[in-house]
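Structural characterization, general
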Amino acid sequence: MEAAAILAQYRERLEAEALAPRLAAEENPCLELMTMLLAAPRELWPALDFEERRRELSSLFSWGVPNERALEVLATQAPLVECGAGMGYWSALLKARGVDVLAYDAAPPDGESANAYHRFTRQPWTPIEKEDSLVAARRHRDRTLVLCWPPFDDDRASYAVLRAYRGERLVYIGERGEGVTASVRFHRELALNWSLEEEVRLPNWPRLRDTLTVYRRNAVRLALRERDRCFECLRFIATGAIGRCDWCFARKPSALALQIGKHRVEYVQEMLDAMPPDRRRALEESPNRIR
């Protein structure tokens, strides 16, 4: 099958799912659509534009893709409270299986509140209560906290929620360590004060490695004292900042720099010279370029 035919089949199914009123217990359209695309021959992957397809599916469903084993493990941790629930896809699948879960988001994508991560013009898959995640987490210490793909550059969406939570158990869906999900301080807090009990592999898009992990709070909390420094002048910089401080960047600018969320990513001339021409041109023409 050619790429155009696969895309036509995918878009037809995507449009149908976008109109579906609810999810049944046996359904998982996000996984099914993702599997359809990944089953294509590898030589067709560039034409299918997986990055754009991932954004579409994430906007309609979830940035993390559940499988049956992940949902089974979540059910064993109930009752649950999901903070930053987005479209409520995970919570909807769990509710369809009879699991006790409450879903909150500070800006539910309901057509009234702006939500940059979920832009499809449809209601969430399950009712989402509008509430600040810190307030919701603090309110439900009797439930297991669920965080699914919190942004890597937003401390308030991960670290602050975890610190506000007074319960004993956490289910985190995202990349472990300093990857594309959750802030640096969140990952350091997990490593210092929480113990990993279980990990479930999830369906992954190319180059991603998100999993579902279950943590238990340690009996005694240790203070998080680690701080980051500019690797050039060794001044302290904001926790999780990448590379050099603003002073060093202004004093000795790099050949090219991009603003990615709250972070600045720098490229020295040697790195640019070693890049394939198409990759270099894409960086030079990026709307995120700041130098």
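Here, every reference points to the structure presented above.
A short tour of the structure in this document, coming up. All values derive from a computational prediction rather than experimental measurement.

Another aspect to go through is the overall build of the protein chain. Along the backbone of the protein chain there are 12 helices and 11 strands. Relative to the compact-globule value of 19 Å for 291 residues, the protein chain shows a C-alpha radius of gyration of 21 Å, a close match. Taken along the three principal axes of its C-alpha coordinates, the protein chain extends 60 × 60 × 35 Å. The 291 residues of the protein chain split such that 48% are buried. When the accessible surface of the protein chain is totalled, it reaches about 15,100 Å², and 51% of it is carbon and sulfur. Counting 44 positive and 44 negative side-chain charges, the protein chain places the averaged centre of each group 7 Å from the other.

Turning our eyes to something else, we now look at the pairing of strand β4 (residues 144-148). Burial analysis of β4 places 5 of its 5 residues in the buried class, the great majority of the element. Side-chain alternation along β4 places Thr 144, Val 146 and Cys 148 on one buried face and Leu 145 and Leu 147 on a second face that is also buried. By the bridge criterion, 3 bridges tie strand β1 (residues 80-83) to β4 in an arrangement that is parallel. For Glu 82, the partnering residue across the bridge sits in β4 and is Val 146. Of the pairings in the sheet, the one linking β4 to strand β5 (residues 169-174) comprises 4 bridges and is parallel in character. Within β5, the position partnered with Leu 147 by the bridge is Tyr 172. Regarding the hand of the β-α-β motif, the stretch spanning β4, helix α8 (residues 159-164) and β5 is right-handed.

Taken in spatial order, the 7 strands line up as β3-β2-β1-β4-β5-β7-β6 in an open sheet, and their pairing is mixed. Two strands close off the open sheet at either side, each with one partner strand: β3 (129-130) and β6 (194-201). Two elements, strand β2 (residues 101-105) and β3, share 2 bridges in a ladder whose sense is parallel. Pairing of Tyr 104 across the sheet is with Glu 129, part of β3.

This paragraph deals with the environment of Pro 127. Here Pro 127 lies in the loop between β2 and β3. Through-space distance from the C-alpha of Pro 127 to that of Arg 244 is 43 Å; in sequence the pair is 117 residues apart.

On to the pattern of salt bridges, then. Using the criterion set out here, one finds 26 salt bridges in the structure. Of the charged contacts, one joins Glu 32 and Arg 13 as a salt bridge, the two residues approaching to 2.4 Å between their closest N and O atoms. A residue pair is termed long-range when its members are at least 10 positions apart, and Glu 32 in helix α2 (residues 29-38) and Arg 13 in helix α1 (residues 3-19) qualify at 19 residues. Assessed through its relative accessible area of 38%, Glu 32 is described here as partly exposed. Arg 13 sits in the partly exposed class, given a relative accessible area of 25%. Through salt bridges with shared partners, one network takes in Glu 232, Arg 244, Asp 246, Arg 251, Arg 264 and Glu 266.

Let us now look at unusual backbone geometry. With an omega dihedral of 5°, the bond running from Ala 78 to Pro 79 counts as a cis peptide bond. Phi angles above zero are rare outside glycine, and Trp 149 is one such case at about 50°. Following the sequence through the fold, Trp 149 ends up in the loop between β4 and α8. The backbone of Arg 207 sits at a positive phi, close to 75°, despite the residue not being glycine. Locating Arg 207 in the fold gives a position in the loop between β6 and β7 (211-217).

This brings us to the nonpolar core. Grouped together as the largest cluster of nonpolar side chains are 46 residues, with contacts concentrated most on Phe 61, Trp 90, Trp 125, Ile 173 and Leu 212. If near-sequence neighbours (up to four positions away) are discounted, Trp 125 is found in contact with Glu 17, Ala 20, Arg 22, Leu 23, Leu 60, Phe 61, Met 87, Gly 88, Tyr 89 and Ala 92. One finds Val 81, Leu 134, Leu 145 and Leu 162 within the second-largest nonpolar core, a separate group that totals 21 residues.

So, about the packing of α2 against helix α4 (residues 50-60). Axis separation between α2 and α4 bottoms out at 11 Å; the angle between their running directions is 170°. Taken as axis vectors, α2 and α4 run roughly antiparallel relative to one another. Across the interface between the two elements, Cys 30, Leu 33, Met 34, Leu 37 and Leu 38 of α2 pack against Phe 50, Arg 53 and Leu 57 of α4. Here the contact of α2 with α4 is built from residues that sort into 7 nonpolar, no polar and 1 charged.

Thresholds applied
- Residues numbered from 1 in each chain as written.
- Predicted model: local features only at pLDDT ≥ 70, side-chain atom pairs only at ≥ 80, totals over all residues.
- Heavy atoms only, no water.
- Helix = DSSP H or I, 4+ residues; strand = E, 2+ residues; numbered from the N terminus.
- Rg over C-alpha atoms; globule rule 2.2 N^0.38 Å.
- Buried < 20%, exposed > 50% of the residue type's maximum accessible area, 1.4 Å probe, protein only.
- Areas by Shrake-Rupley, 256 points an atom, 1.4 Å probe, with all protein chains shown as cover.
- Lys, Arg positive; Asp, Glu negative; His and termini not counted.
- Charge placed at Lys NZ, Arg CZ, Asp CG, Glu CD.
- Pairing = 2+ DSSP bridges.
- Right-handed = clockwise from strand over helix to strand, strands pointing away.
- Salt bridge = Lys/Arg side-chain N within 4 Å of Asp/Glu carboxyl O.
- Core = buried A, V, L, I, M, F, W, Y, C linked by side-chain atoms within 4.5 Å.
- Contact = heavy atoms within 4.5 Å.
- Axes fitted to C-alpha atoms, helices over the stretch in contact; angles between N-to-C directions.
- Parallel < 35°, antiparallel > 145°, perpendicular 65-115°, else oblique.
- Nonpolar A, V, L, I, M, F, W, Y, C, P; charged D, E, K, R; others polar.

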